[in-house]
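# Structural overview for review
What follows is the residue order along each chain.
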Number of protein chains: 2
Amino acid sequence: MAGFAPLPQPPYYAVIFASQRGTGDKGYKNMAESMLEIAAQQPGFLGVETARGESGFGITVSYWENEAAIAAWKAEFRHRVAQQQGKAVWYEDYIIRVAKVERAYAKG
Amino acid sequence: MAGFAPLPQPPYYAVIFASQRGTGDKGYKNMAESMLEIAAQQPGFLGVETARGESGFGITVSYWENEAAIAAWKAEFRHRVAQQQGKAVWYEDYIIRVAKVERAYAKG
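Residues numbered from 1 in each chain as written. Chains lettered and ligands numbered in written order. Predicted model: local features only at pLDDT ≥ 70, side-chain atom pairs only at ≥ 80, totals over all residues. Heavy atoms only, no water.

### Looking at the overall build of chain A
Defined as follows: By definition, any uninterrupted DSSP run of H or I lasting at least four residues is a helix, any uninterrupted run of E lasting at least two residues is a strand, and each is numbered from the N terminus. Based on C-alpha atoms, the radius of gyration is set beside the globule rule, defined as 2.2 Å times the residue count to the power 0.38. Throughout, the Shrake-Rupley method with a 1.4 Å probe supplies accessible areas, and for residues the shown protein chains are the sole cover considered. None of His or the chain ends enter the tally, which takes Lys and Arg as positive and Asp and Glu as negative. Charge positions come from single atoms, namely NZ of Lys, CZ of Arg, CG of Asp or CD of Glu.
Secondary structure assignment for chain A yields three helices and four strands. When the helices and strands of chain A are listed from N to C terminus, the series reads β-α-β-β-α-α-β. At 14 Å, chain A has a C-alpha radius of gyration in line with the 13 Å of a compact globule built from 108 residues. The dimensions of chain A, computed from C-alpha atoms along their principal axes, are 40 × 30 × 20 Å. Roughly 5,500 Å² of accessible area belongs to chain A as shown, and the carbon and sulfur atoms make up 53% of that amount. Of the charged side chains in chain A, 12 are positive and 11 negative; the average position of the first set lies 3 Å away from that of the second.

The structure is reproduced here in structure tokens:
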């Protein structure tokens, strides 16, 4: 699930998740891959883009049709377990921003 | 300029720039650093977060007070030169999304 998310016509929503990983994997990689797979099966999911550099700082942006889809994903049981682990174990810090995409264009 | 952007009270704007680098530096690293420095001096600039993985896929999100600040930065002369280079030389592909941040929260 690497690379670009599809480019539907706006408006749609973006969840911008910026995070700083701590040291050691501690089950992170498997869980992160599972979460991407499970997210992709949720109603209203449009796509996801993710990048993390050597410093452990990363940005994952997931795209959703509407706010209701974001709320449902936030409340999804397996995702909630992952959120707890993220807060307690995997991330030194994170910021989540929810934004409405108003326009978009590609290199073309 | 690594790590998290500040967390002002929404609303504000995000420019989500997802890109796939081609091979070879070709002046990219110097220019990317210069652009971050110049962007930080623009009126309405709030902050920037950036991450790029080993595959060359990266996400840079810059945050701005309003749409006018984004338009002014897009038109800035040195930035326009960089945009041309980016399109012609540095990026195999990219997608730019402009979004209005409606809510935000940190690990806390």
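Having seen it, we continue.
### Some details on the packing of aromatic side chains
Note on aromatic pairs: each is described by the distance of the centres and the angle between the planes. For clarity, the threshold we go by: In this analysis, rings of Phe, Tyr and Trp, with Trp reduced to its six-membered ring, are considered paired at centre separations within 6.5 Å, and the interplanar angle assigns stacked below 30 degrees, edge-to-face beyond 60, and tilted for intermediate values. Only protein chains enter the accessibility calculation, which uses a 1.4 Å probe; a residue whose area is less than 20% of its type maximum is buried, one above 50% is exposed, and one in between is partly exposed.
If you walk through the whole model with that rule in mind, you get 18 aromatic pairs over all chains. For the pair F17(A) and Y94(A), a centre-to-centre distance of 5.5 Å together with 45° between the ring planes defines the contact as tilted. One end of the pair, F17(A), is in strand β1 (residues 12–21); the other, Y94(A), is in strand β4 (residues 91–106), with 77 residues separating them in the sequence. A relative accessible area of 18% places F17(A) in the buried class. Residue Y94(A) is classed as buried on the basis of its relative accessible area of 11%. When the centroid spacing of 5.3 Å and the interplanar angle of 80° are considered together, the rings of F45(B) and W64(B) count as edge-to-face. Taken together, the positions of F45(B) in strand β2 (residues 45–52) and W64(B) in strand β3 (residues 57–64) put the pair 19 residues apart, joining distant regions of the chain.

### A few points about the sheet that holds β4(A)
Selection rule: A pair of strands is labelled paired if DSSP reports no fewer than 2 bridges between them. Interaxial angle, 0 to 180 degrees, is taken between N-to-C directions of lines fitted to C-alpha atoms, where a helix line uses only the stretch in contact. Here, residues are in contact when the closest pair of their heavy atoms is within 4.5 Å.
The eight strands are arranged β2(A)-β3(A)-β1(A)-β4(A)-β4(B)-β1(B)-β3(B)-β2(B) in an open sheet whose pairing can be described as antiparallel. Of all the strands in the sheet, just β2 (45–52) of chain A together with β2 of chain B have a single pairing partner and so form its edges. Between one strand axis and the next, the sheet turns by 25° as a mean value, whatever way the strands run. Where β1(A) lies against strand β3 (residues 57–64) of chain A, eight bridges are found, and the strand directions are antiparallel. Residue pairing across strands places Q20(A) opposite F57(A), the latter belonging to β3(A). Running over the sheet, helix α2 (residues 67–75) of chain A touches β1, β3 and β4 of chain A together with β4 (91–106) of chain B and is turned about 75° from β4(B). In the packing of helix α1 (residues 28–40) of chain B onto the sheet, contacts are made with β1 (12–21), β2, β3 and β4 of chain B, and the angle to β2(B) comes to roughly 155°.

### Here's the deal with the pairing of β2(B)
All names here are of chain B. Summarising the sheet, β2 and β3 pair through seven bridges and their orientation is antiparallel. Bridge pairing links F45 to W64 in β3. Hairpin connection between β2 and β3: a loop of four residues separates the two successive antiparallel strands, and G56 in this loop has a positive phi of roughly 90°.

### Notes on the relation of the copies chain B and chain A
Here is the rule: Alignment of the copies relies on least squares applied to C-alpha atoms, considering only residues that score at least 70 for pLDDT in both.
It takes a turn of 180° to lay chain B on chain A, together with a shift of 0.0 Å along the axis; the resulting RMSD is 0.0 Å. Within this description, the copies of the chain are treated as partners about a two-fold rotation axis. An overlap of 100% is found between the interface residues of chain B and their copies at the interface of chain A, pointing to a shared contact surface.

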